[in-house]
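# Residue-level structure breakdown
Take a look at the letters that make up each chain.
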Amino acid sequence: MPPSAAPDGDSTKVWVRRILREVLAGREDPEGFFALCLSVLGHQETRSQYPSHIEPLRAANSSMHSVLTSIYKEYFSKTEDDELELALALSLVEMKDYELSAPIHEPQLKQPGGRRNDVMPTSEFQTQRRSPIQPAEAASGTRNNSPQTGPSPKVCSPRTAVEPDAWTPGKARSASCHQVMEAGDVDQSEKPKHPKKRRQRRKCAAQQVVGLPRAPSAAAPVLLWFRRDLRLSDNPALVSALKVGAPVIPIFIWSPEEEEGPGVTVAMGGACKYWLHQALSCLCSSLENIGSHLVFLKSETQGSEGGASLRALQGLAKATGARTVVANALYEPWLKGRDDAVAAALQKSGVECEMFHSYCLRDPYSVSTEGVGLRGIGSVSHFMSCCRQNPGAALGAPLDPPTTLPVPAHWPPGVSLETLGLARMPKRKDGTTIDWAANIRKSWDFSEGGAHARLEAFLHDGVYRYEKESGRADAPNTSCVSPYLHFGQLSPRWLLWDAKGARCRPPKFQRKLAWRDLAYWQLMLFPDLPWESLRPPYKALRCSTDRRHLEAWQRGRTGYPLVDAAMRQLWLTGWMNNYMRHVVASFLIAYLHLPWQEGYRWFQDTLVDADVAIDAMMWQNGGMCGLDHWNFVMHPVDAAMTCDPCGHYVRKWCPELSGLPDELIHKPWRCPTSLLRRAGVVFGQTYPERIVTDLEERRSQSLQDVALVRKEFGQYVDKRSGCDLVPLPPRLVSEALGSSHLDGGVATGGKQFLLPVITRMEFKHQQEDPDADAASNPYNAVLKGYVSRKRDETIAFLNERDFTASVMHEGAQRRERMESDQRRLEGLPRGPAPRGRVRRTPTAKDRFSVVPGGAVASLR
């Protein structure tokens, strides 16, 4: 009989006697009765009241009374450790018996449009509970879970799916332990097993978190506030909640007004909300597998200080008697301000609120430029130098997931996951649902197990090609774990730990985590980063207002196959790799002259890994107004040589062009009419016309516009170096000049502290001749495509051999002329003709193997 069977309203004494009758009838065993008493009455009340409850059996059934008394004496005569172990064993036995007697249902998430998710195998990290005494690791699946009124666990159906990337420029330098990641192509592959050495390393180094008994308890519970770290493994807040030794109530509060913050951040776009819905469903399943569940709360309107989240937490604390709230910290300035207000208000009411660092490798509020200076700020090298010069707390080893969670005697009420409206689909006028997330659902496994499976797959395969071929769009060379990082289903510490433990440890991959931390540091310094250009002159940059161009870019109908393929992949799967993000951003800004804010907003709405800090930093850099200028511009055609040389990527996402040959698929406007006819391509019908035709002219116009605003706002250009000047925030001024200067009014007295920042050489040269075209600029930043670095090395070798062969040929001809002139002067007959003008070496197969015949003869 489960603990929840205790009838509400009956006194404890009546309930105990009712269970005693079950024991006497043989329907309940004595040990089970004692375990139920521990579960319902609690430890202290059982110690004091249990003998009086069984006293009537002394006369009615002395043998049963002696058995129950011996169990009681044996339990309370042991040490505290023995008592805890026995309580855990009895509770698990009781729950096992209940699961065997109750019908087991395995519902799956009912998706919009009547579709069900396929059940797929989970990762090795997440396993089903095999026996009551074995640690039950967190298994996750995708299904709807509404809050229950009791702790009755359910067996969940785990699943796995695919993978993705947070975009950062690939500047390969030395590795550090503060590094961020990019992701790669969506690739459905089975998760390989953990290497033996890495399993042993993780077993020895990671702390094993042992859960407390999950029998209901009347002690004051701990509120575990889930926000973005939606995982059980390596979760500091969860570990802290277990250390309290009280029941744990996991909660999730959905407050879209607080998420958005000031300005136009688009913090939670449509794709992100859908991922969040699925991730919460998976977290529900994981919690149910360890005997708990997630309570959902939804805010209605923004309130006073602290807002809706504060009111929800205060209501929960009052209803449950909780005296502690634990959560992992968030670093967006508006969310940190919310958390500080919540913690202060709860503290006043006697509820302790603790925040733990987990979301980044380095807490952005702890990074200091002291000892490094401000030169080069905005670059990842400068950020890493700051972290090395001013190190924070040691990272430590990742934490294993708990085996159980102690549950409260009474669960607070909540709402269903569907009530949050995260995965709500629009409807047509006829009432049918528009399931825009169907392809996203097919492309990803939203569970914590899916995150670890994707990382393992990458570390067994793609990592070996990442250093040189991570830009390929037609091959799965990237990790595709950026959405899992964003929603905290994979911790950055676990990612770094596994990456360093792999056989291949490319510095470029580990360095990506530094870009992520850098983005949050910049957002902390400049809270208006998502909507306000950091370089003042560029706010006046002339931008196009052609909405047709913007819509064509968003829908993947620009007429440039590589750009269209990337934008269609983004819409259908919610993701594209880092290189392609640079391609489409360069096209929007450098060739369409549209403002970077339009690209940022679209990415925030359509990316499943949309991150305010990372997207804002990268779009600012791409829009020429961030702390760091990109030193490159992606050409929409030439870039295809690097990322899609054979056209496989374009054929996948633009199937109407699949009939074109490899050499013309990226520039179909150059195809002969007959070839277009055979391929079934009709411009303006089956495939759009190019929205802009003269790319060089538009690129030159972009440079001229930059030179114009730099000249107009000369006070923001350093006369000595030609670099742009950026006003510093007060924190950096105080660090650079000392706190006394800040108090004296340098930062607050109306004066701006201007700092020269990294500026593209192309812009400095253009200012000397503002009307010059881009082609004449010696620092032209447009990249020429390359298939691989190995290809560049091969071309350089062939060019050197070609030059050597030419020199040999010229030397042979010169000697022949000298010999002929000498013979003629001496009156001798003309010498024999060379045996052959040229000859081909027997093993070479390229054009550079042709060498002069005379030169070969002269070497013999």
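All figures in this text were calculated on a predicted structure; none of them were measured in a lab.

## Concerning the nonpolar core
- In this structure, Leu 280, Trp 553 and Met 580 are the most contacted members of the largest nonpolar core, which totals 167 residues.
- Not counting the four nearest positions on each side in its chain, Leu 280 is found in contact with Leu 230, Phe 252, Leu 294, Phe 296, Leu 417, Leu 420 and Leu 422.
- If you look at the next biggest cluster of nonpolar residues, it comprises 21 residues, including Ile 253, Val 295, Leu 310 and Ala 312.

## Topic: the pattern of salt bridges
- In the structure shown here, the tally under the stated rule is 27 salt bridges.
- A salt bridge links Arg 441 to Asp 435; its shortest N-O distance comes to 2.6 Å.
- For Arg 441, a relative accessible area of 5% gives the class buried.
- Close ionic contact of Arg 547 with Glu 598 constitutes a salt bridge, the shortest N to O distance being 3.1 Å. Taken together, the residues Arg 547 in helix α20 (residues 547-555) and Glu 598 in helix α23 (residues 596-606) connect sequence positions 51 residues apart.
- Since its relative accessible area comes to 53%, Arg 547 is described here as exposed.
- Using a relative accessible area of 17% as the deciding quantity, one classes Glu 598 as buried.

## Concerning the pairing of strand β5 (residues 352-356)
- Strand direction decides the pairing type here: strand β4 (residues 324-328) and β5, joined by five bridges, are parallel. The residue bridging Asn 328 from the neighbouring strand is Phe 356, located in β5.
- With helix α12 (residues 333-348) bridging β4 and the parallel β5, this β-α-β connection has right-handed handedness.

## Some remarks on the packing of helix α21 (residues 561-573) against α23
- It is the contact of α21 with α23, at a shortest axis distance of 9 Å, that shows an interaxial angle of 40 degrees. The angle between α21 and α23 places the two elements in the oblique class. Residues Met 567, Leu 570 and Trp 571 of α21 pack against Trp 602, Phe 603 and Thr 606 of α23.
- Split into classes, the residues belonging to the contact of α21 with α23 amount to five nonpolar, one polar and no charged.

## A word on the UniProt feature "binding site: FAD" (unreviewed entry) in the chain
- Here the UniProt feature "binding site: FAD" (unreviewed entry) sits at Tyr 466, Thr 478, Ser 479, Cys 480, Val 481, Ser 482, Phe 509, Asp 609, Ala 610 and Asp 611.
- By the element assignment, Asp 609 lies in the loop between α23 and α24 (612-622).
- Judged by relative accessible area, which is 4%, Asp 609 ranks as buried.
- A polar contact is formed between the side chain of Asp 609 and the side chain of Ser 482, at a distance of 2.6 Å.
- Those residues in contact with Asp 611 that sit more than four places away from it in its chain are Tyr 359, His 486, Tyr 520, Gln 604 and Ala 616.

## A short note on the packing of aromatic side chains
- All told, the structure shown has 25 aromatic pairs when counted by the stated rule.
- Measuring from ring centre to ring centre gives 5.3 Å for Trp 275 and Trp 444, while their planes differ by 70 degrees; the resulting arrangement is edge-to-face. Within this pair, whereas Trp 275 is found in helix α10 (residues 270-289), its partner Trp 444 is found in the loop between α14 (438-443) and α15 (448-460), the two being separated by 169 residues in sequence.
- Under the relative-accessibility criterion, Trp 275 is labelled buried at 0%.

## As for the sheet that holds strand β1 (residues 222-226)
- Strand order in the open sheet made by the five strands is β3-β2-β1-β4-β5, with parallel pairing throughout. Looking at strand neighbours, the two that pair on one side only are β3 (295-298) and β5, the edges of this open sheet. For this sheet, the mean angle separating the axes of adjacent strands, direction not counted, is 25 degrees.
- For β1 and β4, the ladder comprises four bridges, and the chain directions are parallel. When the sheet's bridge partners are listed, Leu 224 is paired in β4 with Val 326.

## Considering α20
- Looking only at α20, the buried set comprises His 549, Leu 550, Ala 552, Trp 553 and Gln 554.
- Packed against the buried residues of α20 are α21, α22 (578-591), α23 and α24.
- Capping the start of α20 is the job of one residue whose side-chain oxygen sits 2.9 Å from the backbone nitrogen of Arg 548: Asp 546.
- A positive backbone phi angle near 75 degrees is found at Gly 556, which sits one or two residues after α20.

## Concerning the side chain of Arg 228
- Within the secondary structure layout, Arg 228 lies in the loop between β1 and α8 (236-243).
- On the accessibility criterion, Arg 228 (7% relative accessible area) is buried.
- With near-sequence residues (within four places) excluded, Arg 228 lies in contact with Glu 259, Leu 330, Glu 332, Leu 335, Tyr 359, His 486, Phe 487, Gly 488 and Tyr 520.

## Remarks on the environment of Gln 510
- Take Gln 510: it is sitting in helix α19 (residues 507-525).
- Measuring from C-alpha to C-alpha, the distance between Gln 510 and Lys 500 comes to 8.1 Å, with ten residues separating the pair along the chain.

## Observations regarding the environment of Arg 465
- Position of Arg 465 relative to the elements: it lies in helix α16 (residues 463-469).
- The partly exposed category is assigned to Arg 465, whose relative accessible area is 31%.
- Measuring from C-alpha to C-alpha, the distance between Arg 465 and Thr 478 comes to 8.5 Å, with 13 residues separating the pair along the chain.
- Ignoring any residue separated from it by four or fewer positions in sequence, one finds Arg 465 in contact with Ser 470, Pro 476 and Asn 477.
- Within the structure, the side chain of Arg 465 is placed 3.0 Å from the side chain of Asp 461, a separation counted as a polar contact.
- A polar atom in the side chain of Arg 465 sits 3.3 Å from the backbone oxygen of Pro 476.

## Section: the packing of α22 against α24
- Running from N to C, α22 and α24 point in directions that differ by 50 degrees, and their axes come no closer than 10 Å. In this view, α22 runs oblique relative to α24, as classed from their interaxial angle. The two elements α22 and α24 cross, and the hand of that crossing is right-handed. Each of His 582, Ala 585, Leu 588 and Ile 589 in α22 lies in contact with α24, whose residues at this interface are Met 618, Trp 619 and Gly 622.
- Split by residue class, the contact of α22 with α24 holds five nonpolar, two polar and no charged.

## Comments concerning the environment of Arg 535
- For Arg 535, the location among the structural elements is in the loop between α19 and α20.
- Sequence-wise, Arg 535 and Tyr 716 are 181 residues apart; in three dimensions their C-alpha atoms are separated by 8.2 Å.
- For Arg 535, the contacting residues outside a window of four places in its chain are Met 624, Cys 625, Gly 626, Leu 627, Asp 628, His 629, Asp 724, Val 726, Val 757, Ile 758 and Thr 759.
- At a separation of 2.8 Å, a polar atom in the side chain of Arg 535 contacts the side chain of Asp 724.

## Thoughts on unusual backbone geometry
- Of note in the backbone geometry, Asp 234 takes a positive phi value of approximately 50 degrees without being a glycine.
- You can see Asp 234 is positioned in the loop between β1 and α8.

## A look at the pairing of β1
- Of all five residues making up β1, five are buried, and the element is well covered by its neighbours.
- Sheet topology note: the β1/strand β2 (residues 248-254) ladder contains five bridges and is parallel. What sits directly across from Trp 225, in β2, is Ile 251.
- Viewed along the sheet, the connection from β1 through α8 into β2 turns out right-handed.

Definitions and limits used
Residues numbered from 1 in each chain as written. Predicted model: local features only at pLDDT ≥ 70, side-chain atom pairs only at ≥ 80, totals over all residues. Heavy atoms only, no water. Core = buried A, V, L, I, M, F, W, Y, C linked by side-chain atoms within 4.5 Å. Buried < 20%, exposed > 50% of the residue type's maximum accessible area, 1.4 Å probe, protein only. Contact = heavy atoms within 4.5 Å. Salt bridge = Lys/Arg side-chain N within 4 Å of Asp/Glu carboxyl O. Helix = DSSP H or I, 4+ residues; strand = E, 2+ residues; numbered from the N terminus. Pairing = 2+ DSSP bridges. Right-handed = clockwise from strand over helix to strand, strands pointing away. Axes fitted to C-alpha atoms, helices over the stretch in contact; angles between N-to-C directions. Parallel < 35°, antiparallel > 145°, perpendicular 65-115°, else oblique. Nonpolar A, V, L, I, M, F, W, Y, C, P; charged D, E, K, R; others polar. UniProt positions renumbered as here; feature names shortened; annotations may be inferred. Polar contact = N/O pair within 3.5 Å; in protein donor to acceptor, adjacent residues only side chain to side chain. Phe/Tyr/Trp six-rings, centres within 6.5 Å; stacked < 30°, edge-to-face > 60°. Left-handed = near helix turned anticlockwise from the far one by under 90°.

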